[in-house]
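Survey of secondary and tertiary structure
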Amino acid sequence: MKIQVQQTDLARALGAVANVVSSKTTLPILSTILFEADKDSLTLSATDLDVSVVTRLSEVQVEKKGKAAVPAAKFVPFVRTLPSDPVKIQLSGEHVSVRSGKARMEEPCMAPEDFPALPKVEDAEAFEMPGPVIVEMIRNSIYAISRDETRPALQGVLWELTPKRFTMVATDGHRLARVHREVKTGVKETRKLIASSAGLQQVMRLAEAVDTVKIYLGEHQLSFEMGDTTVHTRLVEGVFPNYEQVIPKGNERRVVCDRETLAGRIRRVKISADRVTNQVRFGLDGTQLTLAASGTEGSRAEDELEVEYGGEPILIGFNHNYVEDVLKHMRGENLVIALDRPDSAAIFVPGEDAKSDVLASEDLCLLMPLRLND
Amino acid sequence: MVCDLMSFIWTVSRMNLARTQRRPIRLLDPECVERIAAGEVVERPASVVKELVENSLDAGATRILVRLKRSGLEELVVEDDGAGIPGRELPLAVERHATSKIAGSGDLMAIYSYGFRGEALAAIASVSRMTVRSRSANEDIGARIDIAGGRIEKREPDGRHRGTTIVVRDLFFNTPARKAFLRSEQSERRAVAQVITSMALAHPAVAFTLRNDDSVVIDLSAADDLETRAHAVFGAAVATHLRRFEGETEGLRVEGLVSLPTYTRGNRTGQHFLVNRRVIHDKGMSGAVYAAFRDVLPAGRFALALVFLEVGPARVDVNVHPTKAEVRFRDEGMVHELIRHSIRDALTLGRERGEVAPAPPRRGASSSEGQGEPHVTEADLLSGPTEGYDRGPAWSRRKESPTLFDDGQVAEGGTFRPQGAPVDPGMDPGMAIPTAAAGLPLFWQLHNTFILTQIRGALVIVDQHNSHERILYNEGQKALAGQAVASQQLLFPATLELNAAELATYEVHQGDLEKMAFRTEPFGGNTVLVRGIPPELRNWNDGALLRDILADLGDAGRSGSDPREAILASYACHGAIRAGEKLTLPEMQSLMDRLFATEVPYSCPHGRPTLIRLGLSELERRFGRR
Ligand SMILES: Nc1ncnc2c1ncn2[C@@H]1O[C@H](COP(=O)(O)OP(=O)(O)OP(=O)(O)O)[C@@H](O)[C@H]1O
Ligand SMILES: [Mg+2]
């Protein structure tokens, strides 16, 4: 293998794949990036066996075709520091060398045959959507996934696709985020699958700057084609709980408040919160929302904000970390909180209309309260 | 206050007895003799040493030297610089029932001295060859008598300085039956050393030396306080594990030192009990120490404990046993509770205690200072993150020593802050990840099992499972005691199908489970619905955890153990973070905070340690720097 490529192109391509290369692995081949030089293109691949990223560079002069599995740990940082000039890469024997001007580096390679076979894009149902939209959908749902390793299904994000709608749901059993967008998905009938969060994380990272992402809904894997780069990720096995059933229909106590103001008040009051429960109590009375926290060491804090509220007074406690997560992932200036009882789920949606149909909102979050024994 | 006065009076009377108002030695009247517990005074060399050293202390000695030949079996000498015995009284001193310490049976009600029977010298003299050499303060020349088997053989002047020397040779030479009961030289020597250690701890101001043949077994110079003496007795390495305790109720005062669960022994040799400075063996007192450590130490391990109880002489009867090794308290239950509570309080690290309000943290003062001062840095973990809530060991309280707060290890809100973590006033204590100036995290998870962090003068290694277990146990305990706990409501309530036994157990314990934030309700048939669980409970595993708890509870019920204890232990064990679970920095921070907010952070409920402290001095030693 002998090629020449612009440093900026190479660095960008390496950046796309290097993220899934693991440095601590029992399989040393997984710490390499597979280089494949073909007629007039260079393909770089990396995988951790669950998620694979493949990127193709066409602005490249191939003098001699070939393959090499290049350990990433030193190669990638070295290339990043090179000036934006042409870079020459050559494989001689077991070593790969990089050269730019007088700068030169040599690394021993591994046998390319040992590199795991990468998944191909399956011939499957596929649809396209704008990069920023899928990034937003992932970002606004993935925060609610579970960390419980005994429940892999909850560590992933549920996808529900109908011909015209794309829904993502994540939950850890204490809270649930549901995001949907009107997207022509091309599916013939409703499909449900669980996407791995590791894969989605790569998509979030790579799709932001991409106009169109093409998504292939394979039998066992998802593939995301983003320009020259493709991410493959396995589907998560398991059963996702019936989330629709837990979204309450009757939460009629509606609060409208300013998102930033609420976030600021919580940041202040939570300083006194109990370190175990992280509880902050929301007390609604008239147009006053009182936030209060108290810790086991006798510390107490309180603050208030003006809100729009027409219901009966109510006192309800939440883990402030959960509320803060919700506030971080809501769009818009205002949000509507729909409550029922101090021990039943609260609904958070963006918006300023107390009477709006919260259940239809594109972004919705359910929070289960922390109930104080009495 | 009452008690201080009492101990003051006690000390003064003993001094008076020895120095100014020494009464002549007189024979006690038969009626009084009747009332003194009779029996064997001398059992072995250690009991001889005990009697003689007590006499020296009664005489106000400041230096006591004990010399043994073959562990005292051949010869045993006790030498002091006390008040001495006037020459003319010497023969009387070795008579039975002759004492200078009490005048009649009225004094038996309130004994301030060790001696009161006038029995010891006579008893020792009757079973050995004894020489007494003494000179009292206002005599120009001393005197000496030699006695064998109780008969005075020689009496002559002696050129001794002020003080008394008693030589005991050929113990039991005339009573072979008793001689047969003596143990090996080694065990007799150990027994003598134990007696002297106890006495030395009770009298820090007195210098003690114990020699056996040609070796020095104990050599303690006069010390200012108990801590200094304890240092000298146990060595600096053990001293870092000691913690002071004290407490009082009407007419009773206890103080002393106990080792934290970080230092234990396989037997009770490290436990010394003294009542009014008298070495005693009291099951009740050692039981109280045991009770204080009950859920902290594994079975078969014992903490060091120096327990000094001061009781108004009228509230304790020391006249119940011929060797005075046992006492009888007027109110045994009160003694037990006082000791247990005081020790427990000292192990407890909580603000609740607050007789002394914690000083406000002084921050940024001195992470550099103090690093090279072993006697301060030895104050270890305990003077580390936790001491902020507490007075700490007395040696860390001394004025010249920087206190805990000097190194800013406890920030507001009780957040545990490893040494070196910058404290940004605007920083949110709950969420902030401590980072060193270099931007490196100050918690480090080792093999997803242990957390490493540094405190002043030491590396601390925390076992994540054991510590979380300790945390859950204590939090559960508070919940059962009625402290309100929040229950995290579940989006997907879990339904548990129970078998008949589980269901029966559930029905009995539903109330306690509810207190611990498990919100459950019977759901018809064998089904139970779980609506809420303790917040941040790990391994909830869709209800499997509750089923495990019910199973453990069932077992406990069958074996008759305390069900609440069983709930707590089971909950803590099943709910705790496992070894192998990866933790984020905020999670590690929160774990440390909560660990040091618990009463006894040093061990899990099964007695396994939660943390190990490796002092810099230890590391330096291992690397050959010292
Ligand atoms: N080391 C000593 N220094 C000064 N006086 C002593 C010393 N040892 C003994 N005596 C005197 O000898 C007396 C007899 O001592 P002995 O130990 O036999 O009796 P005791 O101490 O009065 O009572 P007990 O039998 O309870 O110990 C004492 O009362 C004391 O006056
Ligand atoms: Mg005596």
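**Details of the overall build of chain A**
- Tallying secondary structure elements over chain A gives 7 helices and 27 strands in all.
- Residues counted as buried form 42% of the 374 residues belonging to chain A.
- Contacts in chain A between residues at least 24 apart in sequence constitute 67% of all its contacts with a sequence separation of at least 6.

**What about the overall build of chain B?**
- Per the secondary structure count, chain B includes 19 helices and 26 strands.
- Among the 626 residues that make up chain B, the fraction classed as buried is 46%.
- Long-range pairs, those at least 24 residues apart, make up 70% of the contacts in chain B between residues at least 6 apart in sequence.

**Section: helix α6 (residues 259-269) of chain A**
Residues and elements named next belong to chain A.
- What α6 keeps buried is the set L262, R265, I266 and V269. Within α6, the buried residues cover an arc of 100° as seen down the axis, which keeps them to one side.
- Residues of α6 that are buried in the fold lie against β18 (253-258), β19 (279-285), β20 (288-294), β21 (300-306) and α7 (320-328).

**Side note on the site of ligand 1**
Residues and elements named next belong to chain B.
- Looking at ligand 1, there are 23 residues lining it, with N55, A59, T99, G115 and A120 nearest.
- Contributing elements (two or more residues each) for the shell around ligand 1: α3 (45-58) and α5 (120-126).
- For the shell around ligand 1, a count of residues per class yields 9 nonpolar, 9 polar and 5 charged.

**Topic: the sheet that holds strand β21 (residues 450-455) of chain B**
Residues and elements named next belong to chain B.
- Strand order in this open sheet of 4 strands is β20-β21-β22-β26, and the pairing throughout is antiparallel. With one partner strand each, in any of the chains shown, β20 (444-446) and β26 (611-615) form the two edges of the open sheet. Direction aside, the axes of adjacent strands within the sheet are offset by 25° on average.
- Note that strand β22 (residues 458-463) and β26 share 5 bridges and pair antiparallel. Looking at the pairing, A458 lines up with G615 of β26.
- Helix α14 (residues 464-480) contacts β21, β22 and β26 of the sheet and is inclined by roughly 75° relative to β22.

**Considering helix α18 (residues 585-597) of chain B**
All names here are of chain B.
- When the terminal C-alpha atoms of α18 are compared, their 18 Å separation across 13 residues agrees well with the 18 Å that a helix rising 1.5 Å per residue should span.
- The buried count for α18 comes to 10 of 13 residues, which makes it a mostly enclosed element.
- Turning to α18, its buried residues number three or more, namely M588, Q589, S590, L591, M592, D593, R594, L595, F596 and A597.
- If you follow the buried residues of α18, they end up packed against β20, β21 and α14.

**A closer look at unusual backbone geometry**
Residues and elements named next belong to chain B.
- Its identity is not glycine, yet D213 carries a phi of approximately 50°, on the positive side.
- Positionally, D213 belongs in the loop between β9 (207-212) and β10 (215-220).
- Residue classification places D213 among the partly exposed residues on the basis of 13 C-beta atoms within 10 Å.
- For N276, which is not glycine, the phi torsion reads 45° and is therefore positive.
- Structurally, N276 is set in the loop between β14 (271-275) and β15 (278-279).

**Looking at the interface of chain A and chain B**
- Across the boundary between the two partners, chain A contributes 28 residues, which contact 26 residues of chain B.
- Contributions of two or more residues to the side of chain A that touches chain B are made by β23 (314-319) and β27 (370-372) of chain A.
- When residues in the side of chain A that touches chain B are grouped by element, the largest group, 3 residues, is from β27 of chain A.
- For the side of chain A that touches chain B, a count of residues per class yields 12 nonpolar, 11 polar and 5 charged.
- Sheet topology places β27 of chain A next to strand β23 (residues 486-497) of chain B; 3 bridges connect them, and they run antiparallel. Bridge pairing in β23 of chain B places R371 of chain A opposite S487 of chain B.

**Considerations on the packing of α14 of chain B against helix α17 (residues 563-575) of chain B**
All names here are of chain B.
- Two elements in contact, α14 and α17, have axes separated by 8 Å at closest approach and are oriented at 140°. One way to sum up the angle between α14 and α17 is to call them oblique. Taken as a pair, α14 and α17 cross one another with a handedness that is right-handed. Residue-level contacts link E469, L472, Y473, G476, Q477 and L480 of α14 to R564, L568, A569, Y571, A572, C573 and G575 of α17.
- In the contact of α14 with α17, the residues fall into 8 nonpolar, 3 polar and 2 charged.

**Brief notes about the pairing of strand β26 (residues 363-367) of chain A**
Residue and element names in this part refer to chain A.
- For β26, the buried fraction is high: 5 of the 5 residues fall into the buried class.
- Residues of β26 alternate between two faces, with D363, C365 and L367 on one and L364 and L366 on the opposite face, all of them buried.
- Summarising the sheet, strand β13 (residues 175-182) and β26 pair through 5 bridges and their orientation is antiparallel. Residue pairing in the sheet places R175 in a bridge with L367 of β26.
- Pairing of strand β25 (residues 346-350) with β26 involves 3 bridges; the strand directions are antiparallel. Among the inter-strand pairings, A346 is bridged to a residue of β26, identified as L367.

**A closer look at the sheet that holds strand β14 (residues 191-195) of chain A**
All names here are of chain A.
- Pairing within the open sheet is antiparallel, and its 9 strands lie in the order β14-β11-β12-β13-β26-β25-β24-β18-β22. Since the sheet does not close on itself, it has two edges, and those belong to β14 and β22 (308-309), each with one partner.
- Sheet topology places β18 next to β22; 2 bridges connect them, and they run antiparallel. Pairing of V256 across the sheet is with E308, part of β22.
- On the sheet, α6 packs against β18 and β24 (334-339) and is oriented at approximately 90° with respect to β18.
- Against the sheet, α7 makes contact with β13, β25 and β26, and its axis sits at roughly 175° relative to β26, the strand it touches most.

**Comments concerning the environment of R331 of chain A**
Residues and elements named next belong to chain A.
- Inspection of the secondary structure assignment puts R331 in the loop between α7 and β24.
- When the 12 C-beta atoms within 10 Å are taken as the criterion, R331 is described as exposed.
- Measuring from C-alpha to C-alpha, the distance between R331 and R259 comes to 9.1 Å, with 72 residues separating the pair along the chain.

**Here we look at the nonpolar core**
- One finds L367 of chain A together with V49 of chain B to be the most contacted residues of the largest nonpolar core, which totals 240 residues.
- Ranked by residues supplied to this core, first place goes to helix α7 (residues 185-202) of chain B with 8 residues.
- In this view, L367 of chain A contacts R175, F318, Y322, V323, V326, A345, A346 and F348 of chain A; residues no more than four positions away in its chain are not counted.

**Quick word on the packing of α3 of chain B against α7 of chain B**
Residue and element names in this part refer to chain B.
- Between α3 and α7, whose axes approach to 8 Å, the crossing angle comes to 25°. For the element pair α3 / α7, the angle class is roughly parallel. By crossing handedness, the relation of α3 to α7 is classed as right-handed. Side by side, α3 and α7 meet where P45, A46, V49, K50 and V53 of the first sit next to E188, A191, V192, V195, I196 and M199 of the second.
- When grouped by side-chain class, the residues that make up the contact of α3 with α7 number 9 nonpolar, no polar and 2 charged.

**Here we look at the confidence of the model for chain B**
Residue and element names in this part refer to chain B.
- Considering every residue of chain B, the mean pLDDT works out to 77; 79% of them sit at 70 or more.
- The low-confidence segment residues 15-20 (pLDDT under 50) makes 14 contacts with residues lying over four places distant or belonging to another chain.
- Below a pLDDT of 50 lies the segment residues 420-440, which in the model reaches 36 contacts outside its immediate sequence neighbourhood of four places, other chains included.
- Here the predicted complex scores 0.61 on pTM and 0.84 on ipTM.

Reading the values: the criteria
Residues numbered from 1 in each chain as written. Chains lettered and ligands numbered in written order. Predicted model: local features only at pLDDT ≥ 70, side-chain atom pairs only at ≥ 80, totals over all residues. Helix = DSSP H or I, 4+ residues; strand = E, 2+ residues; numbered from the N terminus. Buried ≥ 20, exposed ≤ 12 C-beta atoms within 10 Å, placed from the backbone. Contact = placed C-beta atoms within 7 Å. Arc of directions from axis to C-beta. Near = placed C-beta within 6 Å. Nonpolar A, V, L, I, M, F, W, Y, C, P; charged D, E, K, R; others polar. Pairing = 2+ DSSP bridges. Axes fitted to C-alpha atoms, helices over the stretch in contact; angles between N-to-C directions. Expected span 1.5 Å × (residues − 1). Parallel < 35°, antiparallel > 145°, perpendicular 65-115°, else oblique. Left-handed = near helix turned anticlockwise from the far one by under 90°. Core = buried A, V, L, I, M, F, W, Y, C linked by C-beta atoms within 7 Å. pLDDT = per-residue confidence, 0-100.

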